[in-house]
Structures are given as structure tokens and as C-alpha cells.
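If you want the building blocks of each chain, they are given just below.
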Amino acid sequence: MALNAYLLAYSLSSRSFRFASQLFRPHQHCRHYNRDYDVTNSANMSAEQPRVLSIQSHVVSGYVGNKSATFPLQLLGFEVDAINSVQFCNHTGYAKGIKGQVLSDVDLGDLVEGLHLNNLDDGYTHLLTGYIGSPLFLQRVAAVVKHLKTINPGLIYVCDPVMGDNGQMYVPKELLPLYQNTIIPLADIITPNQFEVEQLTGCKINSVADAWNAIDILHGKGCKTVVLSSSDLGNDGNLLALASSSTGDKRRITLEIPKFSGSFTGSGDLFAALFLAWMHKSNNIETALEKTIATLQAVLQRTLTHAKKVGVTPRSLELKLIQSKGDIENPLVEVKVARNNN
């Protein structure tokens, strides 16, 4: 995708930067590596601690995409290997816009090929993806998922299928059928918002019952855990999150999320990363959702307090992740989930 077209798609996003027939393309700079040369012993490494390959956007200044996900995951004990689908100076909320580079699907293939040639792709326990703005890139991501699951059948793929919000698509329409027919069946966990669930299922959500019906459709496509990260189904002071597991002791839960007056960029990326981490640690959607929301609320409150103190600007509303180290490691759960037995 041309940079100008990619920037236009990004500029329509209200919440954050969220981004084959043959997986690898031969690259002259990689040909001298010997597949038998293995100094990483990555299989043993994966047994010691979880390792995530995170394919998301990157900004030099601020916290969205990989910048929003990497630090929390590392604090919670994960090795994180980041592939930056784009590299921009900042997010699109700044008055002077953005400058930077866009990674192509061929570039993604080159990077994954290099990992493969050096035996660095056999230790991943998780794959995390966010905003993807190109159908070709999304197709290549699907190939990467299949490749990594061939190496490690137990790999958990967490997908935030970012397509739009508030009734508006901000990615090319060609991505929707790719998500519906290719990505969702490959994903183990997905974290869409209400609008995205409606797009993925073709079902309008006007009630909690509608939401559960739509979530069941996504389960039917093969995704084991579905988290509707935010919806308008709460009361005036709260959003409502819904989560459902189709395996084990099948569970449906909801959690009310207190609203903040500010508009934050990167919070969706943070949500997906935290939920990945706490699902790995607890293997329980109730615990994972409670701790994810507890950390997210603490980060947003700290961010908003700072912004009001110094003046509300795009820069002052950058997520205060470093200052929230304690809340990431040990979230204080104040809002509990409610079980839905229907």
C-alpha cells in the first residue's frame, strides 16, 4: 500500500494504530546462513518462559501498537519479538500529521524467513497482531500463523481484528472477508469492539442477547475465546465488556467498565496485550478480564490526571505506561465480572 493511502486509513482511526501463497521470499542477504547452525536452543527457552511474536505498528514517540504492548508483556514475564508493520514518528492525532515507513507483505516474509533460517522461530508460545491496513499484508500474516502453528501446534494466536469503530470502517473493505474466512478460524483469542463484531458476523447488536448470539457465530468459525472489548450496552456511566470461552467449562461473563472523559490512543493495543498475558498466567477468562481492565483503568486514570494537570494535548494524553509499572505487575481489581448462565 502506498504511504499516503496508508496514512489516510490511519487518520480515520479513533482509538489506536491497530494493522499467501508462499510464506517466504528468497533474499540474497540470508542465503549464507546454515539451517543446522543453532546457538539459540530456543525450544528449551520456550519451556522456561513464554515468548511472543508481536506484529503491530510502531511510533518513535508515544505509546501505540508495539510500543503499547511490549513493555507490559515484558513486565509480566514475556520475551517479546516485535515486527513493526509501520514505523511512524507519532500517532495520527497530532496536528502536523505523521511521517514514516510502511512494511510491505514481502518485507514481512523476509523477516520471518530470517528468523526461520536462524532457528529463531521455534520458541514462540504466542502470536499477537493488531492494526493491519493491507489485504496483502493480512494474507501474509495468515501464512505466518500457519507456519508458526506447524512448528508449535500449541501456539496461541491473539488477534485484535481492527477494522473500525463508531459505525465507520477505516480499513479497506477487502480486509473484512479475509478476517471472516481466513483469520478468525486461525485465531485462538480475538478482541474486537462492538462495531467489529457486527461487521464480522453481519449481526446488528442492540442488546446483550444480540451480542451473545454474534459471539456464538465467531465461536462457530473456530475461535475458542472471544472478548468484546467494549460495547455501548452498559449504562450511562459504563461501557460493557463481554467475554466467552467455548472450551472446557464454557463461560460467558460481562464486566462494566467505568467511562473516562478523555480520548486515548493505544488503549486497545494495551488491552489485547494484557489479556494475552493474564490468560496465559491464569487460563481463566474471569481473572484475565478483571486484571486487564484493572490495569487499563489505572493507566487511563493516571494519564488523564497528568493531562488535566499540564493541559490536555495529544502529547499529554500519551499513555503513562512507565509510570504504571506497579499497576501492570500487580493490578488492583475493583470491578468484578458477572457470570451469564444463558
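Residues numbered from 1 in each chain as written. Predicted model: local features only at pLDDT ≥ 70, side-chain atom pairs only at ≥ 80, totals over all residues. Heavy atoms only, no water.

Colleague: Explain the environment of isoleucine 217 to me, please; I cannot follow it from the model alone.
Modeller: Here isoleucine 217 lies in helix H8 (residues 208–220). If near-sequence neighbours (up to four positions away) are discounted, isoleucine 217 is found in contact with Thr201 and Cys203. (Helix = DSSP H or I, 4+ residues; strand = E, 2+ residues; numbered from the N terminus. Contact = heavy atoms within 4.5 Å.)

Colleague: Would you take a moment to explain helix H7 (residues 194–201) for this structure?
Modeller: Note on helix geometry: an α-helix contains 3.6 residues per turn, so any two residues three or four positions apart are oriented the same way. The element H7 is largely enclosed, with a buried count of seven among its eight residues. Inspection of H7 places Gln194, Phe195, Glu196, Val197, Glu198, Leu200 and Thr201 among the buried residues, and these make up the whole buried set. Buried positions along H7 lie against strand E6 (164–165), strand E7 (168–169), helix H6 (175–186), H8 and strand E9 (225–228). Sitting at the amino-terminal end of H7 is asparagine 193, which places a side-chain oxygen 3.2 Å from the backbone nitrogen of phenylalanine 195. Among the residues trailing H7, glycine 202 stands out with phi positive, at a value near 75°. (Buried < 20%, exposed > 50% of the residue type's maximum accessible area, 1.4 Å probe, protein only. Polar contact = N/O pair within 3.5 Å; in protein donor to acceptor, adjacent residues only side chain to side chain.)

Colleague: I would appreciate a short explanation of the confidence of the model for the protein in the present structure.
Modeller: Any residue range with low pLDDT should be treated as having predicted coordinates unsuitable for detailed reading. Confidence along the protein averages 87 in pLDDT terms, with 85% of residues attaining 70 or more. In the model, residues 11–46 has pLDDT below 50 throughout and makes 100 contacts with residues more than four positions away in sequence or in other chains. (pLDDT = per-residue confidence, 0-100.)

Colleague: I keep staring at unusual backbone geometry and nothing clicks. Help me out?
Modeller: When glycine is set aside, most residues are seen to have a negative phi, and most peptide bonds are trans. Although it is not a glycine, asparagine 119 adopts a positive phi angle of roughly 60°. The residue asparagine 119 is located in the loop between helix H4 (105–117) and strand E4 (126–129) in this model. A positive phi is found at asparagine 166, a non-glycine position, where the angle reads about 50°. With respect to the helices and strands, the residue asparagine 166 is situated in the loop between E6 and E7.

Colleague: Please explain the sheet that holds strand E3 (residues 100–102) as it appears in this structure.
Modeller: The pairing of strands in a sheet comes from backbone hydrogen bonds and takes either a parallel or an antiparallel form. Pairing within the open sheet is mixed, and its 10 strands lie in the order E3-E2-E1-E4-E5-E8-E9-E10-E11-E12. A single partner strand is all that each edge strand has here, and the edge strands are E3 and strand E12 (338–339). Taken together, the three bridges between strand E2 (residues 79–88) and E3 define a ladder with antiparallel strand orientation. Its bridge partner being in E3, glutamine 87 is matched across the sheet by glutamine 101. (Pairing = 2+ DSSP bridges.)

Colleague: Where do I start with the pattern of salt bridges in this structure?
Modeller: Applying the stated criterion across every chain, the model contains 12 salt bridges. As a salt-bridge pair, arginine 252 and aspartate 216 come within 2.6 Å of each other at their nearest N and O atoms. Here arginine 252 is found in strand E11 (residues 251–258), whereas its partner aspartate 216 is found in helix H8, with 36 residues between them in sequence. Given the relative accessible area of 34%, aspartate 216 is considered partly exposed. (Salt bridge = Lys/Arg side-chain N within 4 Å of Asp/Glu carboxyl O.)

Colleague: Just to check I follow, could you spell out the pairing of strand E10 (residues 238–245) for this structure?
Modeller: Taken residue by residue, a regular strand's side chains alternate between the two faces of the sheet. Within E10, seven of the eight residues are buried, leaving the element largely enclosed by the surrounding structure. Looking at chain direction, E9 and E10 are connected through four bridges and run antiparallel. Bridge pairing in E10 links valine 227 to alanine 243. Where E10 lies against E11, eight bridges are found, and the strand directions are antiparallel. Looking across to E11, one finds that leucine 240 is bridged to glutamate 256. Between the antiparallel neighbours E10 and E11 lie five residues, among them glycine 248 with a positive phi of about 60°.

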